[in-house]
Each structure stands twice: as C-alpha cells, then as structure tokens.
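# Summary of structural features
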Amino acid sequence: MARMTSSARPLLNRRLAEFGTTIFAEMSALATSTGSINLGQGFPDTDGPEEIREAAVRALRDGRGNQYPPGPGVPELRAAVAAHQERRYGLSYDPDTEVLVTAGATEAIAAALLALLEPGDEVIALEPYYDSYAASIAMAGGTRVPVTLRPDDAASADTAAGASHRRFRLDLDELRDAVTDRTRLLLLNTPHNPTGTVLTRAELTEIARLAVERDLLVVTDEVYEHLVFDDAEHIPLATLPGMRERTVTIGSAGKTFSFTGWKVGWVTAPPALVGAVRSAKQFLTYVASGPFQYAVAEALALPDDYFDGFRADMLRKRDVLAAGLTDAGFSVFRPQGTYFITTDIRPLGESDGFAFCRALPERAGVVAIPNAVFYDHREAGAPFVRFAFCKRTDVLEEASRRLKAAW
Ligand code: PMP
Ligand code: GLN
C-alpha cells in the first residue's frame, strides 16, 4: 500500500490501488536473487535474427530515428506493417491513415482503452488475462467484466499416463450473457496468454456476430500471431464479416522477432479508430524506439522462411518442456499458440499456485508464474501455473531435470 500523506490520503490513486508490482518483475527479481532458471517472464534467452540487429545498428549509425520519429511511426515501418497484414491475411490497411506505431503492444492496449472508453463503460476480457489489461481498463475508468476460459474435460489431460490436447475453452453463452447495455468493448487475445488457446474460426465467428449485433468495439491483441502450432490457425478477427470497421488489431515485434526490449508495437484499424488511439498515444510516449522502427520494418519483410523457422523452433521447445513437465508429474495443457505452457499442479499434491511459485525457486531452482494473478476469480486460477518455453533447449532440459528431482 502506498505511503500515507499527513491527510491520511493514500498516495496511489484508487484506480491503481489494487495493482501492486507486476508479477513479471517480482518473479524475475526472485529468479535473479535465487539464481534460478527463469521460466516466468516471457522473454527469449537468445536474440532475434542477426541481420535485424545489424539493421538497428545501421539505423543508429546513419542517424535514422535518433531524433523524434514522426508521431504515427516512421513511414517505412507503417508501410511494412500494412504489407505484412496484406501478405499474411489479405487485410488491406492504408499505411498513412490506418497504421499507428506504438511503444510495444502494452502502449497500444493502454492508448486504445484510454481513447475509446468513457468512465463506467464495461469491457469484456477473457480471463485469465494478461495483467496490463486490468490496469489499463482501470486507468481509463472502465469496468472490467471477465469471461472465464475453462479447461475442458480432465479425461483428456496430458499426464504421465498419456498425452493429448486439453484446452482452455471459451463458453460462448457466457460471453453473450456478459454483454449489457453498458458494454462498450471486447478485449480479446488470440493466441492467448497464458493458456495457449487459439480461438477457432467457429468461436471467432460467434464473437464477430455478437460484436455486430450489440454494436461493440473490439480490441484484439494478436502479439503471438506467428506462434501457432499443430493444426491451429491464427485468424485475425478483422478478417471476419463486419469486423474490420470496428476492430483495433494489435501486433508487436517483441514476440515475433525476439526483441522484447525494443518495444516496437503497432495498431491497425480504420482511420477514425487509429485517430482516436493516436490522440491518447501522443500524450503517453508521443514516440518511441526510433532506430528500432527501421529495423522492424526490415524484419516484417523477411521471407516466409524466417517465420516458419521461428515457429518450428518454438514448437520443438514446446515439446521439450511439455515432456519435461509431464515427466515431472504436472498435468500439462499443450498450448496451440504462444510460448507459454499452463500446467495444473494438483497431480503433484499441490493446489495453491501462488504458494507453489513462491516456494519453487528454493525447492527446485526454477521460476514460474501463478496463473491466479491473471484472474478476477482467483479461485478459478488457483491450481494453474505457467512456464515459458522461449528458452534454449539445454535450459529447458535442465529445468525439467530440476523439477523432476524436486518431487
Ligand atoms: N499482450 C500480450 C498477450 C503479452 O503477452 C504481452 C507481453 N509481451 C504484451 C501484450 C506486451 O507486449 P509488448 O512487449 O510489445 O509491450
Ligand atoms: N508478456 C510477458 C509475459 O506474459 C511479460 C511482459 C512484461 O513483463 N510486462 O510473460
């Protein structure tokens, strides 16, 4: 709790009072102080393509982006984002009026909510949700309305006894029931952090139908668009009928190119929506990451080989960690997307993910994230723990050995 002033009024305003330090900072600090393997915060332990790193160096040396870049982003990057959406999804956006570069997806989410919400507006988000959603909704004065993704039948879990594809599922009736006259916006995320669920065409079609029927705006966080596995397919919501005009789509270079520190993200949407988001964004950072914007423009134009290779590499890592966790006794939800694995710790005789994650560094020398932090209904998330697999294979193998030895 924030320090009191002499008037006994808390320093931190009531919109933010419920949000302490983000779990990612807390758990990464714990990993450092205990010398543990950090499978908590989602960042790769190897950098992205060398030629893209060099492109950033070149931009710096050539003096491109060392001073404030244009507010909407450098033209090269806006053109590259538009070309990427066209090439991958057949979505056509005008780089001048329908693309906005942001300081990572985090700023895009905050700016979109600050721009589009009036105090009291309700925002429906899929629970468990990425932690900045709740804080951004709160900063915008909105009210969050969680719709809980629930694991399907335990009979199909990945356990030591056998592997399958248990999934956290959206209940479309629950989603429909959550819409009220005060609902302004759906805040979606697919592929979904932390569950690894990728929304199917059938699910997205129903979501789109509901958005059109109830005249809702949609902000869709698609930062893991290139991390989909097996037979899952990433379908941008904006490609569905009636959605382009009401959808703000968010992407990020951090996940796709393994440069999370560069903080280059983007928004694609029709001009009125981009204009609204830009109004908020210009007073948050105004601009960010000048030289990196040029490098990301080159990255988005990489041939399909890069994207395919990246996915194949992450798929191998997923399978290494999924096997390790299964072998260590966890029940594993094999993700269809993202670079996170959600596990159920109950087969280990544990039920409180918070206590489990706080003890894990001492017990096993590994750090993970308790999914409960991503829930309003904390009890619904209590037994679930998330592990990141965007790490070197030897690191994943060592973590698996440590976990197995600890139980
Ligand atoms: N959305 C989701 C679902 C995430 O997992 C993250 C974390 N990287 C972000 C947004 C934030 O992305 P960025 O680092 O580009 O701000
Ligand atoms: N998105 C990353 C995760 O889910 C963390 C980003 C952050 O630390 N804010 O692990």
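Up top is the structure.
Scope of this entry: the structure provided in the associated data block. Values in this document were obtained by computation on a predicted structure and should not be read as measured data. (Residues numbered from 1 in each chain as written. Chains lettered and ligands numbered in written order. Predicted model: local features only at pLDDT ≥ 70, side-chain atom pairs only at ≥ 80, totals over all residues. Heavy atoms only, no water.)

Counting secondary structure elements, the protein contains 14 helices and 15 strands. Along the first, second and third principal axes, the C-alpha set of the protein runs to 55 × 55 × 50 Å. The proportion of buried residues among the 407 residues of the protein is 56%. Accessible surface computed for the protein: about 16500 Å², of which carbon and sulfur atoms make up 51%. Seen as two clouds, the 43 positive and the 54 negative side-chain charges of the protein have centres 4 Å apart. (Helix = DSSP H or I, 4+ residues; strand = E, 2+ residues; numbered from the N terminus. Buried < 20%, exposed > 50% of the residue type's maximum accessible area, 1.4 Å probe, protein only. Areas by Shrake-Rupley, 256 points an atom, 1.4 Å probe, with all protein chains shown as cover. Lys, Arg positive; Asp, Glu negative; His and termini not counted. Charge placed at Lys NZ, Arg CZ, Asp CG, Glu CD.)

Once that is clear, we can look at the sheet that holds strand 12 (residues 340-344). Pairing between the strands of a sheet comes from backbone hydrogen bonds, and it takes one of two forms, parallel or antiparallel. Taken in spatial order, the 4 strands line up as 11-12-15-14 in an open sheet, and their pairing is antiparallel. Since the sheet does not close on itself, it has two edges, and those belong to strand 11 (331-333) and strand 14 (369-370), each with one partner. For strand 11 and strand 12, the ladder comprises 3 bridges, and the chain directions are antiparallel. The residue of strand 12 that forms the bridge with phenylalanine 333 is threonine 342. (Pairing = 2+ DSSP bridges.)

Neighbouring ligand 1 are 14 residues; Thr106, Asp221, Tyr224, Ser252 and Lys255 lie closest to it. Here a nitrogen atom of ligand 1 sits 2.5 Å away from a polar atom, N or O, in the side chain of aspartate 221. If ligand 1 stood free it would expose 390 Å²; the protein chains cover 93% of that surface. No other element matches the 4 residues that helix 4 (residues 104-116) contributes to the shell around ligand 1. Residue composition of the shell around ligand 1, by class: 6 nonpolar, 5 polar and 3 charged. (Near = heavy atom within 4 Å. Polar contact = N/O pair within 3.5 Å; in protein donor to acceptor, adjacent residues only side chain to side chain. Nonpolar A, V, L, I, M, F, W, Y, C, P; charged D, E, K, R; others polar.)

A few words on the sheet that holds strand 3 (residues 122-127). Taken together, 7 strands build an open sheet; the order of strands is 2-10-9-8-7-3-4 and the sheet is mixed. The open sheet is flanked by strand 2 (99-102) and strand 4 (143-148), the only strands paired with a single partner. Averaged over all pairs of adjacent strands, the angle between strand axes in this sheet comes to 20 degrees, irrespective of strand direction. Bridge analysis of strand 2 against strand 10 (residues 265-268) gives 4 bridges, and the strand direction is antiparallel. Considered in strand 10, the bridge of valine 101 is made with tryptophan 266. Packed onto the sheet, helix 4 meets strand 2, strand 7 (183-189), strand 8 (217-221), strand 9 (247-252) and strand 10 and runs at close to 160 degrees relative to strand 9. (Axes fitted to C-alpha atoms, helices over the stretch in contact; angles between N-to-C directions. Contact = heavy atoms within 4.5 Å.)

In the structure shown here, the tally under the stated rule is 32 salt bridges. Here aspartate 62 and arginine 64 are joined by a salt bridge, their closest N and O atoms 3.7 Å apart. Under the relative-accessibility criterion, arginine 64 is labelled partly exposed at 27%. One salt-bridge network, in which partners are shared between bridges, spans Arg176, Glu206, Arg209 and Glu213. (Salt bridge = Lys/Arg side-chain N within 4 Å of Asp/Glu carboxyl O.)

Around ligand 2, the surrounding shell consists of Phe24, Gln41, Gly42, Tyr130, Asn193, Tyr224, Lys255, Phe340 and Arg386. In isolation ligand 2 exposes 300 Å². Once the protein is present, 79% of that is buried.

As a further point, take the nonpolar core. Residues Leu77, Leu185, Leu187, Phe257, Phe330, Phe387 and Leu403 are the most contacted members of the largest nonpolar core, which totals 103 residues. Other than its neighbours up to four places away in sequence, leucine 185 contacts Leu113, Leu116, Leu117, Glu122, Val123, Ile124, Leu217 and Val219. (Core = buried A, V, L, I, M, F, W, Y, C linked by side-chain atoms within 4.5 Å.)

Its location among the elements puts glutamate 98 in the loop between helix 3 (75-89) and strand 2. Overall, the relative accessible area of 9% leaves glutamate 98 in the buried class. Ignoring sequence-local partners within four residues, the contact set of glutamate 98 consists of Ser92, Tyr93, Arg244, Val267, Thr268, Ala269, Pro270, Pro271 and Val274.

Relative to each other, helix 12 (residues 353-364) and helix 14 (residues 393-406) sit at 95 degrees, their axes nearing to 10 Å. With respect to their mutual orientation, helix 12 and helix 14 come out roughly perpendicular. In this structure, helix 12 contributes Leu360, Arg363 and Ala364 to the contact, and helix 14 contributes Arg402, Leu403 and Ala406. Across the contact of helix 12 with helix 14, the residue classes break down as 4 nonpolar, no polar and 2 charged. (Parallel < 35°, antiparallel > 145°, perpendicular 65-115°, else oblique.)

Here the amide bond leading from glutamate 127 into proline 128 is cis, since omega sits at 5 degrees, within 30 degrees of zero. Looking at the secondary structure, you find proline 128 in the loop between strand 3 and helix 5 (131-139). At the junction of threonine 190 and proline 191, the peptide bond is cis and its omega measures out at -15 degrees in the coordinates. Locating proline 191 in the fold gives a position in the loop between strand 7 and helix 7 (201-213). The residue aspartate 215 is not glycine, and still its phi comes out positive at about 50 degrees. By secondary structure assignment, the location of aspartate 215 is in the loop between helix 7 and strand 8. Notably, aspartate 230 is not glycine yet its phi reads approximately 55 degrees, a positive angle. Positionally, aspartate 230 belongs in the loop between strand 8 and strand 9. Accessibility expressed as a relative area gives 43% for aspartate 230, which makes it partly exposed.

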